[in-house]
Amino acid sequence: MRFWYKITICLLSVWGGVIFLGCSADSDESNSSKNENASSEDFITDLSVFAEDLPVIVIKTDTGEEPACELVTPPDGSEGFGITNANILSARMVIFKHKEVLYDSGTYNEGEAGITINIRGNSSAWSKKKPYKLKLQKKEDLLFRGNNKYYADKTWLLLKDATSLNTVVGLRTADILGFDWTPKYEFVNVVLNNDYKGIYLLIESVKKKESRVNIDDSGFLIECDTHWWTEDIYFKTDKGRYYTIKHPDITDISDEKYEEINRLGEKLYDKLMEKEKKLKLLKQETTKLLNGKSLDNNSSM
């Protein structure tokens, strides 16, 4: 697998010129025992001055630390910002609404109960309000859609852009266009270590799964990604567009599979560009037609 050594060397050479900015938090060793001894009701917080009709997610890390990371700037010629060394903290999480407990992860016990939380994202992680990744130790449908066996999963995201609505508009547009699947979400209040963080989107992560991206074992999942330089595996099209490979896992991709994904990704990009050109032409023709009608209407007045 000589190719993977090349990727590693490439990344190491890129990261050599990266600027690191640190962020940290103090720890409290007694929090773990506090989480273990607390009841679900002890996590219920009075948020009457906030959006009380929304579910409330209360997370208490075992050490009392806030999730932290290091911020990185892109290598020369690349775009965006990124993060590295995001610490993963064990925690207990309770979800309630109108003081009714909907979910309690329990005290952290690897593989059995509790959750882990860490900062996720790239440029979005540079703001004061951080996005988070949640990893449950036991699968659960945190959107409570009535079919837990089908929808339950360990990986969930808390996106910070709930108030800007950019993500919501994009997902709703995808639904209208008839996409086979789009991530489902819920607006929630988030409290982390007794600190109210604001309104977030609790949302499904994008992954290969029957209830999410339902592709067979021969399929693959790629992302057009300006932050390619923060990922382990990627490819570049002839037009200079970078894609990262989200599935299969890097350990499951042979050189032949990588070349196949690269070739099909190139073909997909070309098709998308053809569609974009047709849409631009249609827009131009429509604009001409509308301008012509406008002129005709003005001349008849």
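Look up a bit, the structure's there.
One structure accompanies this document, and this report is about it. In this text the structure is predicted, and so the values were computed from the model without any measurement.

**Here we look at the overall build of the protein chain**
From N to C terminus, the protein chain includes five helices and 14 strands. Buried positions account for 38% of the 301 residues belonging to the protein chain. Put simply, 61% of the contacts in the protein chain that link residues at least 6 apart link residues at least 24 apart. Carbon and sulfur atoms make up 51% of the accessible area of the protein chain, which amounts to about 17700 Å² in all.

**Structural notes on the environment of Tyr 200**
With respect to the helices and strands, the residue Tyr 200 is situated in strand β11 (residues 195-204). The exposure class of Tyr 200 is buried, given its relative accessible area of 0%. Between the C-alpha atoms of Tyr 200 and Ala 162, which are 38 residues apart in sequence, the distance is 5.0 Å. Reaching out from Tyr 200, the side chain makes a polar contact with the backbone oxygen of Lys 130 at a distance of 2.7 Å.

**Some words on the pattern of salt bridges**
Oppositely charged side chains can form a pair if their charged atoms are brought close together. In total, this model carries 15 salt bridges according to the counting rule given. Arg 92 is the partner of Asp 104 in a salt bridge, and the nearest nitrogen-oxygen pair spans 2.7 Å. Of this pair, Asp 104 sits in strand β6 (residues 100-104) while Arg 92 sits in strand β5 (residues 89-97), and the two are 12 residues apart along the sequence. Between Arg 145 and Glu 204 there is a salt bridge, with the nearest N and O atoms lying 3.0 Å from each other. Note that Arg 145 is positioned in the loop between β8 (132-140) and α3 (148-151) and Glu 204 in strand β11, a separation of 59 residues in sequence.

**Overview of the side chain of Ser 78**
Secondary-structure assignment places Ser 78 in the loop between β3 (70-72) and β4 (82-84). Accessibility expressed as a relative area gives 18% for Ser 78, which makes it buried. If near-sequence neighbours (up to four positions away) are discounted, Ser 78 is found in contact with Trp 228 and Trp 229.

**Looking at the nonpolar core**
Judged by nonpolar contacts, the single largest core of 26 residues is most densely connected at Ile 59, Met 93, Leu 134, Leu 158 and Leu 202. Per-element accounting of this core gives the leading share, four residues, to β5. Discounting residues that sit within four places of it in the chain, Ile 59 has contacts with Ala 91, Arg 92, Met 93, Ile 115, Ile 117, Leu 134, Leu 158, Val 191, Leu 192 and Asn 193. Core analysis: the second largest hydrophobic core is formed by nine residues, Ile 222, Phe 235, Tyr 243 and Ile 261 among them.

Conventions adopted
- Residues numbered from 1 in each chain as written.
- Predicted model: local features only at pLDDT ≥ 70, side-chain atom pairs only at ≥ 80, totals over all residues.
- Heavy atoms only, no water.
- Helix = DSSP H or I, 4+ residues; strand = E, 2+ residues; numbered from the N terminus.
- Buried < 20%, exposed > 50% of the residue type's maximum accessible area, 1.4 Å probe, protein only.
- Contact = heavy atoms within 4.5 Å.
- Areas by Shrake-Rupley, 256 points an atom, 1.4 Å probe, with all protein chains shown as cover.
- Polar contact = N/O pair within 3.5 Å; in protein donor to acceptor, adjacent residues only side chain to side chain.
- Salt bridge = Lys/Arg side-chain N within 4 Å of Asp/Glu carboxyl O.
- Core = buried A, V, L, I, M, F, W, Y, C linked by side-chain atoms within 4.5 Å.

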